[in-house]
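Next come the chains, spelled out residue by residue.
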Amino acid sequence: GFTIGDPSVAWRTPVAQTITAGGSVLLSVDATSVAGTIASVRFVANGNVIGTVTAPALPATSRYTFEWTPANLAQTWEITAVATDARGFDSVPST
C-alpha cells in the first residue's frame, strides 16, 4: 500500500494532445520522494511500459521527461507515470 514518504508523481505535460502521423509527444512529470531519491520513472501507455527514465531532464531538478512516438494513432491512449525511489517503493500511478 501507499505510505507517507513514498514517492509521488505530478504531471507537467501533456494535459491533452492530438498527435499527427509520425509525430511524437513529450511526456513530462515531476517526481519526488521525501524519504529517498528517485531511482526511475516508468511511463506506461494502456498498461504497457513505453519508457523508463533514470535521471532528471536537468541535474538537480525533479523533472523527468520522455519523448514518445506511438505506433498506432487510431487509438486513445491512457498514459500513466510511476516513480520508484532508491528504497524500491513505487508511487501511486499518476494519470
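Our subject in this report is the structure included herewith. Predicted model, so just to flag it, every value in this text is computed and none were measured. (Residues numbered from 1 in each chain as written. Predicted model: local features only at pLDDT ≥ 70, side-chain atom pairs only at ≥ 80, totals over all residues. Heavy atoms only, no water.)

## Looking at unusual backbone geometry
Part 1 of the reasoning: Residues other than glycine seldom take positive phi values, yet Asn 46 does so here, at roughly 50°.
Part 2 of the reasoning: By relative accessible area, which is 34% here, Asn 46 ends up partly exposed. (Buried < 20%, exposed > 50% of the residue type's maximum accessible area, 1.4 Å probe, protein only.)

## Examining the nonpolar core
Part 1 of the reasoning: Residues Leu 27, Val 29, Ala 31, Val 41, Phe 43, Tyr 64 and Trp 68 are the most contacted members of the largest nonpolar core, which totals 17 residues.
Part 2 of the reasoning: When contributions to this core are tallied by element, the ones reaching two or more residues are strand 2 (25–32), strand 3 (38–45), strand 5 (63–68) and strand 6 (79–85). (Core = buried A, V, L, I, M, F, W, Y, C linked by side-chain atoms within 4.5 Å. Helix = DSSP H or I, 4+ residues; strand = E, 2+ residues; numbered from the N terminus.)

## Some details on the pattern of salt bridges
Part 1 of the reasoning: The final tally for this structure, using the stated rule, is five salt bridges.
Part 2 of the reasoning: Note that Arg 63 is salt-bridged to Asp 30, the shortest N-O span being 3.6 Å. Placement of Arg 63 in strand 5 and of Asp 30 in strand 2 is noted, with a sequence separation of 33 residues between them.
Part 3 of the reasoning: Looking at Arg 63, the relative accessible area reads 32%, which means it is partly exposed.
Part 4 of the reasoning: We note a salt bridge from Arg 42 to Asp 90, for which the minimum N-O separation is 3.6 Å. Of this pair, Arg 42 sits in strand 3 while Asp 90 sits in the segment after strand 6; the two residues are 48 residues apart in sequence, bridging distant segments of the chain.
Part 5 of the reasoning: Members of the salt-bridge network, linked through shared partners, are Asp 6, Asp 85 and Arg 87. (Salt bridge = Lys/Arg side-chain N within 4 Å of Asp/Glu carboxyl O.)

Scope: geometric values only; no functional claims are made or implied.
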